[in-house]
Amino acid sequence: MKHETILVIGANGQIGTALLPRLQTMYGFGNVIATDIRQTGHEEAIFEVLDATNVTALADIVQRHRVTQIYHLAAVLSAKGEADPLWAWNLNMQTLLNVLEIGRTFNLNKVFVPSSIAAFGEHAPKEETPQSSVLDPATVYGISKVAAENWSVYYHKRYKLDVRSLRYPGVISYQSMPGGGTTDYAVAIYHEAVQGHHFECFLAADTRLPMIYMDDALRATLELMDAPADKITIRTSYNLAGMSFTPAELTASIQQHFPDFKVTYAPDFRQAIADSWPKSIDDSVARQDWGWKPAFDLPKMTHEMITHLNELYHVTA
């Protein structure tokens, strides 16, 4: 078992909820500290309430637990951020800068700061978007991610802080409910299908977006963080891909299991956000540098999602 002490910020979010048990297995239950703005009452981890905009509180936790690595997962997501852009910017950037400063001050071994396909905008190629491309995002969330990528490079170059990052596509999981992202239709649709409900999709039927199943997203994160530093050639954020599909294709995949499942389409403000994003991602640099390779395609993911959500809602096949 590896001798590190891991701090997870935003542990109650979509990725944090699923990542915690993986980290506990790798490093030991007592060596993983979960934090979030509030407790949910069902955390299965050493947990501390933390407002990550408070750098003093963050420093106290790092000191008391002798933290050696931080996974910074707290952020206001794309659709939610558009409702209050200045609040989203301030929260996303203040927490980021606090984490980077703590990493520098306490000479931490590694820091993980996720980015997103939201960093891309209308001038990036839509198909097989390359690692190095124009970053002109359409949302405050995307703007904050581009800034985070550049701050990460700065701290690596100036202070030698080992900051690593992935540009996550839409992450699909059964472990938590949707959290305000534009790709979250692809999570909510499974919940509705398993419960026998009709689903109204807020994106058009032919809106193709890059997605990844949570198992692949977690494995990519841990493989990146475990890779030797001399293999990491990208200090902004690595492109990451799993699969790309449209709401219509996802619906057809679900209908293989629930033939009577019905979907209607009522695109809202999130459609413009989705239209500014890539349709597919070129992640060849991640494949080359640290051996990334996804394991899940759409049919395999649908089977996994339905199996786990059947258990959650106590549905018998």
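The structure reproduced in this document is the subject of the present report.

Quick notes on the rules
Residues numbered from 1 in each chain as written. Predicted model: local features only at pLDDT ≥ 70, side-chain atom pairs only at ≥ 80, totals over all residues. Heavy atoms only, no water. Patch = residues over 30% accessible without salt bridge, like charges linked within 9 Å, V, L, I, M, F, W, Y side chains within 5 Å. Areas by Shrake-Rupley, 256 points an atom, 1.4 Å probe, with all protein chains shown as cover. Salt bridge = Lys/Arg side-chain N within 4 Å of Asp/Glu carboxyl O. Helix = DSSP H or I, 4+ residues; strand = E, 2+ residues; numbered from the N terminus. Pairing = 2+ DSSP bridges. Buried < 20%, exposed > 50% of the residue type's maximum accessible area, 1.4 Å probe, protein only. Contact = heavy atoms within 4.5 Å. Axes fitted to C-alpha atoms, helices over the stretch in contact; angles between N-to-C directions. Expected span 1.5 Å × (residues − 1).

Turning our eyes to something else, we now look at a nonpolar patch on the surface. The grouping of Trp151, Tyr154 and Tyr159 at the surface amounts to a nonpolar patch, some 270 Å² of accessible area in total. Residue position: Tyr154 is located in helix H5 (residues 140-159).

A few words on the sheet that holds strand S4 (residues 69-72). The six strands lie next to each other as S3-S2-S1-S4-S5-S7, forming an open sheet whose pairing is parallel. Two strands bound the open sheet, and with one partner strand each, they are strand S3 (46-49) and strand S7 (163-164). Of the pairings in the sheet, the one linking strand S5 (residues 110-112) to S7 comprises two bridges and is parallel in character. Paired with Val111 across the strands is Val163, a residue of S7.

This paragraph deals with the pairing of S4. Regular strands have side chains that alternate between both faces of the sheet. With burial as the criterion, each face of S4 is covered, one bearing Gln69 and Tyr71 and the other bearing Ile70 and His72. In this sheet, S4 lies alongside strand S1 (residues 6-9) in parallel orientation, the contact comprising four bridges. Note on S4: the bridge partner recorded for Leu7 is Ile70.

Moving on, we get to the sheet that holds strand S12 (residues 238-239). Hydrogen bonding along the main chain pairs the strands of a sheet, whether they run parallel or antiparallel. One open sheet accounts for three strands, arranged S6-S8-S12; its pairing is parallel. A single partner strand is all that each edge strand has here, and the edge strands are strand S6 (115-116) and S12. Here helix H7 (residues 214-226) sits on the sheet and contacts strand S8 (166-168) and S12; the angle it forms with S8, its principal contact strand, is near 170 degrees.

Before going further, it helps to spend a moment on helix H1 (residues 14-27). Taking 1.5 Å per residue as the helical rise, H1 with its 14 residues ought to reach 20 Å, and the 21 Å between its terminal C-alpha atoms agrees with that figure. By the burial criterion, the buried members of H1 are Ile15, Gly16, Ala18, Leu19, Leu20, Leu23, Gln24 and Tyr27. On its buried face, H1 is in contact with S1, strand S2 (32-36), S4, S8, strand S9 (170-172) and H7. Just past H1, the residue Gly28 takes up positive phi, approximately 100 degrees.

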